[in-house]
Structure formats: C-alpha cells, structure tokens
Amino acid sequence: MENPNKPTPVVNEWARPFWEGTRQHKLLIQQCKECGAYIFYPRMCCPECFSQDIAWVESSGRGTLYSFTIVENNPPSAFLQDLPYVVAIVKLEEGVQMLTNIVDWQSTTLRCDMPVVVTFEKLNEEFTLPKFRPV
Ligand SMILES: [Zn+2]
C-alpha cells in the first residue's frame, strides 16, 4: 500500500501573510495596535479587546518547549517515514503558543521549558512549515 501525500494547510484569507512569511523564512505573528497583545493563530480581530486594528510583526523565533510528545508508531500514513517525530507546543518569547514539530532533537533529551528556535522546512512550492529545534 502506498502512503498518501502529506496534507497541506488550509489557508484562510486573513492567514495568507503568515504563509507568505514562512516562504521567506520569517515567522510572522499578529499584534493588536489597540492593546498591544500578540496574537497567534491568525485572526481577524484581537481576542483580548476585539479591535480589528491588528498588524503583522516578525517574531524573534525564539521560545521554549511548553509540551511535547514523541510519536514512535503510526498506522500507514504520510508521516510513517518521519518516525520517530515530535509534536510539540512551543511558547514564543512574545507569549503566544504554536503547535509545531521539533527537529534535530535526536542527540538531546527533550524537556519542558527548554529553549528552542525556529527553523523552516519547505514542504512544496506553496508551503514552508515553521518548525523548532533545541538551542
Ligand atoms: Zn487588543
């Protein structure tokens, strides 16, 4: 049985700048111009004050490992060739959290709160995925 291709993100119109940013190896998040809150995932208005006056800003790309799991086994899927892989929630310096993968981790003992930094992995011509590696 042949493995299916990896799924690609479904892109809302208001999330398009995020994916344009990753193609240029920039991690963009939103910031509310009214209250200053950083926002991720992309939204049309601020979840803190409901202002629609929000801008795209570049994240430092640095953060800490908030939570993770190491996937050791998987039914036949597009991810079978990646085993073992790490699914993680990373908390960026700006305070927002991002569901992602940790890469280049094999020689490290992963632990919560360890520092990580963004790295970019090209999926195809349209999508480059932001992932993180231990610092
Ligand atoms: Zn706000």
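Now for a look at the structure at hand.

Definitions and limits used
- Residues numbered from 1 in each chain as written.
- Predicted model: local features only at pLDDT ≥ 70, side-chain atom pairs only at ≥ 80, totals over all residues.
- Heavy atoms only, no water.
- Helix = DSSP H or I, 4+ residues; strand = E, 2+ residues; numbered from the N terminus.
- Buried < 20%, exposed > 50% of the residue type's maximum accessible area, 1.4 Å probe, protein only.
- Contact = heavy atoms within 4.5 Å.
- Areas by Shrake-Rupley, 256 points an atom, 1.4 Å probe, with all protein chains shown as cover.
- Core = buried A, V, L, I, M, F, W, Y, C linked by side-chain atoms within 4.5 Å.
- Salt bridge = Lys/Arg side-chain N within 4 Å of Asp/Glu carboxyl O.
- Arc of directions from axis to C-beta.

1. So, the overall build of the protein chain
- Counting secondary structure elements, the protein chain contains 1 helix and 8 strands.
- Written out in order from the N terminus, the α and β elements of the protein chain read α-β-β-β-β-β-β-β-β.
- Based on the C-alpha atoms only, the size of the protein chain along its principal axes is roughly 50 × 30 × 25 Å.
- The burial tally for the protein chain puts 37% of its 135 residues in the buried class.
- Put simply, 52% of the contacts in the protein chain that link residues at least 6 apart link residues at least 24 apart.
- Roughly 8,300 Å² of accessible area belongs to the protein chain as shown, and the carbon and sulfur atoms make up 48% of that amount.

2. Considering the nonpolar core
- Counting residues in each nonpolar core, the largest one holds 22 residues, and the members touching the most others are Leu27, Leu65, Leu92, Met98, Ile102 and Phe132.
- Elements that contribute at least two residues to this core include exactly helix H1 (16-23), strand E5 (85-92), strand E6 (97-102), strand E7 (115-122) and strand E8 (128-134).
- It is E5 that provides the largest number of residues to this core, a total of 4 residues.
- Among the nonpolar cores identified, the runner-up in size contains 5 residues, and Cys32, Ala37, Cys46 and Ile54 belong to it.

3. A closer look at the environment of Met44
- Among the structural elements, Met44 can be located in the loop between strand E2 (38-39) and strand E3 (54-58).
- Considered as a pair, Met44 and Asn124 are 80 residues apart in the sequence and their alpha carbons are 27 Å apart.

4. A word on the pattern of salt bridges
- This structure, assessed with the given rule, holds 6 salt bridges.
- Residue Arg16 pairs with Glu13 through a salt bridge whose shortest N-O separation is 3.4 Å.
- Assessed through its relative accessible area of 55%, Glu13 is described here as exposed.
- Residue Glu93 is joined to Arg62 by a salt bridge in which the shortest nitrogen-to-oxygen separation is 3.2 Å. You can see Glu93 sitting in the loop between E5 and E6 and its partner Arg62 sitting in strand E4 (residues 62-71), a full 31 residues away along the chain.

5. What about H1?
- Regarding H1, the residues found buried are Phe18, Trp19, Gly21 and Thr22. Viewed end-on, H1 has its buried residues packed into an arc of 155°, placing them on one side of the element.
- Within two residues after H1, His25 carries a phi angle of roughly 60°, on the positive side.

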